[in-house]
Amino acid sequence: MPSDLSEVSIWAPTVASLALMGLAADIGASAASAHRRPACSLAFAQGLLAAGLFSALLGLIQYHGLAAPLRPWVAVPMEPIGMAYGNLRQRNQFATLLSMALVALLWCHGQAGVRGRRLLLGAGALLVAGLAVSTSRTGLLQLLVIVMAAGGLGWRERRPAGRGGGVPPHARPRLLPDPRWMLVALGLYALLSWMLPWSAVAVASMRAADGGAGADIQGMLIRLREGAPPGHSRVLLWSNVLWLIGQRPWTGWGWGQLSVAHYLAEYPGPRFVEILDNAHNLPLHLAVELGIPAAVLICGAFLWMVVAARPWQERDPARLMVWGVLGMIVMHSLVEYPLWYGPFQLVFGLCLGLIWSGRKPALAKQTSGRSSLAAAQRSEARARLGARLTAAALVAMVAYVGWSYVRVSQPFLPAAERLAGWRDDPLAQLDPDGRDRPFARQVRFAQLALTPLTPDTAARVHELAQATLAFSPEPRVVVKLIDSARLLGLEQEAQFHLERLRVVYPEAYARWLAGKPPA
């Protein structure tokens, strides 16, 4: 495989993600103008809140094993009961969405009347229930931060005036709930974390004919008490990543190369047992793949922007909401990688645009006269034209990538579920070096998986296995690399990867010795 095409397939998703965040930031900056800011803040908050409430409801349905009738519109967990992640398919992402929705709810509370605030209390309870069924420790930490921050700001709204006088507490606008409600939210979370596993088992028992009874549920209390299984902890993962950083501190292992670096590494101590394609900590990930200097430059630039914006001095409720939403994503990025997923990229970009352009409208007041008005109108017209052209280009790009995704997904589907014309030979129409280049690595993975290994195909399988190893060094790829190398007489290479298979995947190695395919 030519190296330039490999580089394109590795960097293309990153470039597309950065472009999406940049476009979202531009939209947020445009919407933050003085006459648009109130409507934009309302749409932003209501959108997050609606998404969070809908996902929380889906999570409760999934947790109780009732999601199957909603397929394919709702993701159905493999576990019969006790698992919830909405349509995000990952519990921490689900929890972060609900946490962002909680932040948005607090802003909506300040804009609502008495009746609206009562409805929002019920909405808050639903979001807390969603966080409880997520069993996400990241979600619990985010809830604690929200409770402390909102409780502190709410107390400040209600504290007595100092000796110097000032506005008395009863005359100040009270935008946030009473701090005691924050403590109620924590109590509700604890209560639901204890009760919901019982309710899920009770529902499963009533539906025992569907096979739901007897399922084991790992509730939040159990997760906090027992921690991660052996070989799966974040501490072990980060220790492995730090060792890798120490091997190449200046240039890193290369973008997208962490998984193969982890596969090849001979750690002096315990090994994180899963395939490791992300450091689960954004600064560490940048350091291990791009090098310490690049990580310091990128993270330092973001930190400088935050410090320069002085969020601790912010008093505007809408901007405080945006800071809170941004904080939830940053917190999550310290233990996982939400910015690798489109929904969080979009929200992150919007937050950047809303925050770092929010102070600019005041500059417009420094100019006046007909010329400035005409210039503003021309600028507005150019912005509208640019937005329309950008939207058209984005729609075209999404349509192209969407159709390519449909094509590339065919080999991964059962034959009965494939499109007509793809059922017998789903690989024949794929072109990883041409129109299917956005998913070139996935195409080559499918080609490797579906190509039988024979003396005639050994060279092609070996080439595909080498190319796929950097993308997904899983046992089935390593086994095909070993077997094809042996057929080609490359015994030294075969022995090297056989030793890596023994160290990295001992169960798969035992199956290989027994002549069985990888699980």
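Residues numbered from 1 in each chain as written. Predicted model: local features only at pLDDT ≥ 70, side-chain atom pairs only at ≥ 80, totals over all residues. Heavy atoms only, no water.

1. A word on helix H13 (residues 342-356)
Reasoning step 1: Between the first and last C-alpha of H13 there are 21 Å, a value that for 15 residues agrees with the 21 Å anticipated at 1.5 Å per step.
Reasoning step 2: Every buried residue of H13 is listed here: Phe344, Gln345, Val347, Phe348, Gly349, Cys351, Gly353, Leu354 and Ile355. (Helix = DSSP H or I, 4+ residues; strand = E, 2+ residues; numbered from the N terminus. Expected span 1.5 Å × (residues − 1). Buried < 20%, exposed > 50% of the residue type's maximum accessible area, 1.4 Å probe, protein only.)

2. Considering the nonpolar core
Reasoning step 1: Core analysis: the biggest nonpolar cluster contains 67 residues, and Phe44, Met100, Leu127, Tyr189, Met321, Val325 and Val347 have the highest contact counts within it.
Reasoning step 2: Of all the elements, helix H3 (residues 91-111) adds the most residues to this core, at 13 residues.
Reasoning step 3: Other than its neighbours up to four places away in sequence, methionine 321 contacts Ser41, Phe44, Ala45, Val103, Ala104 and Trp107.
Reasoning step 4: Leu448, Val461, Val477 and Ala508 belong to the second largest nonpolar core, which has 21 residues in total. (Core = buried A, V, L, I, M, F, W, Y, C linked by side-chain atoms within 4.5 Å. Contact = heavy atoms within 4.5 Å.)

3. Describing the packing of aromatic side chains
Reasoning step 1: A full pass over the atoms with the stated rule returns 8 aromatic pairs.
Reasoning step 2: Between tyrosine 337 and tryptophan 340, the aromatic rings sit 6.2 Å apart at their centres with planes inclined by 80°, giving edge-to-face as the arrangement.
Reasoning step 3: We classify tryptophan 340 as partly exposed; its relative accessible area is 36%.
Reasoning step 4: The structure contains a cluster of three or more aromatic residues connected by ring pairs, namely Trp255, Tyr337, Trp340 and Tyr341.
Reasoning step 5: Directly above the aromatic system of tryptophan 253 lies the positively charged group of arginine 248, at a separation of 3.9 Å from the ring centroid. (Phe/Tyr/Trp six-rings, centres within 6.5 Å; stacked < 30°, edge-to-face > 60°. Lys NZ or Arg CZ within 6 Å of the ring centre and 35° of its normal.)

4. As for helix H8 (residues 234-247)
Reasoning step 1: Here H8 contains 14 residues, and its C-alpha end-to-end distance of 20 Å stays within 8% of the 20 Å for a straight helix at 1.5 Å per residue.
Reasoning step 2: Looking only at H8, the buried set comprises Leu236, Leu237, Asn240, Val241, Leu244 and Ile245.
Reasoning step 3: Turning to H8, the residues buried within the fold contact helix H9 (258-264), helix H10 (282-290) and helix H11 (292-309).

5. What about unusual backbone geometry?
A negative phi angle is the norm for most residues apart from glycine, just as the trans form is the norm for most peptide bonds.
Reasoning step 1: For the bond from arginine 71 to proline 72, the omega torsion is 10°, close enough to zero to count as cis.
Reasoning step 2: Mapping proline 72 onto the fold places it in the loop between helix H2 (37-63) and H3.
Reasoning step 3: You will see that histidine 280, though not glycine, has its phi angle at about 55°, which is positive.
Reasoning step 4: Within the secondary structure, histidine 280 sits in the loop between H9 and H10.

6. Quick word on the packing of helix H18 (residues 491-504) against helix H19 (residues 506-513)
Reasoning step 1: For the pair H18 and H19, the least separation of the axes is 5 Å and the interaxial angle reads 125°. The pairing of H18 with H19 is recorded here as oblique in orientation. Side by side, H18 and H19 meet where Leu498, Leu501, Arg502, Val503 and Val504 of the first sit next to Pro506, Ala508, Tyr509 and Trp512 of the second.
Reasoning step 2: Residue classes in the contact of H18 with H19 are distributed as 8 nonpolar, no polar and 1 charged. (Axes fitted to C-alpha atoms, helices over the stretch in contact; angles between N-to-C directions. Parallel < 35°, antiparallel > 145°, perpendicular 65-115°, else oblique. Nonpolar A, V, L, I, M, F, W, Y, C, P; charged D, E, K, R; others polar.)

7. Concerning the pattern of salt bridges
Reasoning step 1: Counted according to the given criterion, the structure contains 8 salt bridges.
Reasoning step 2: For the salt bridge of glutamate 336 with arginine 234, the shortest nitrogen-to-oxygen distance reads 3.2 Å. In this pair, glutamate 336 is assigned in the loop between helix H12 (317-333) and H13 and arginine 234 in helix H8, connecting sequence segments 102 residues apart.
Reasoning step 3: On the accessibility criterion, arginine 234 (27% relative accessible area) is partly exposed.
Reasoning step 4: Linking arginine 500 and glutamate 266 is a salt bridge whose minimum nitrogen-to-oxygen distance equals 4.0 Å. One end of the pair, arginine 500, is in helix H18; the other, glutamate 266, is in the loop between H9 and H10, and 234 residues separate them in sequence. (Salt bridge = Lys/Arg side-chain N within 4 Å of Asp/Glu carboxyl O.)

8. What to know about a nonpolar patch on the surface
Reasoning step 1: Taken together, the side chains of Leu191, Trp194, Met195, Trp198, Leu221 and Leu224 make up a nonpolar region of the molecular surface, amounting to roughly 660 Å² of accessible area.
Reasoning step 2: Elements with a minimum of two residues in the nonpolar patch: helix H6 (179-206) and helix H7 (220-226).
Reasoning step 3: Broken down by element, the nonpolar patch gets its largest block of residues, 4 residues, from H6.
Reasoning step 4: Tracing the chain through its elements places tryptophan 194 in helix H6. (Patch = residues over 30% accessible without salt bridge, like charges linked within 9 Å, V, L, I, M, F, W, Y side chains within 5 Å. Areas by Shrake-Rupley, 256 points an atom, 1.4 Å probe, with all protein chains shown as cover.)

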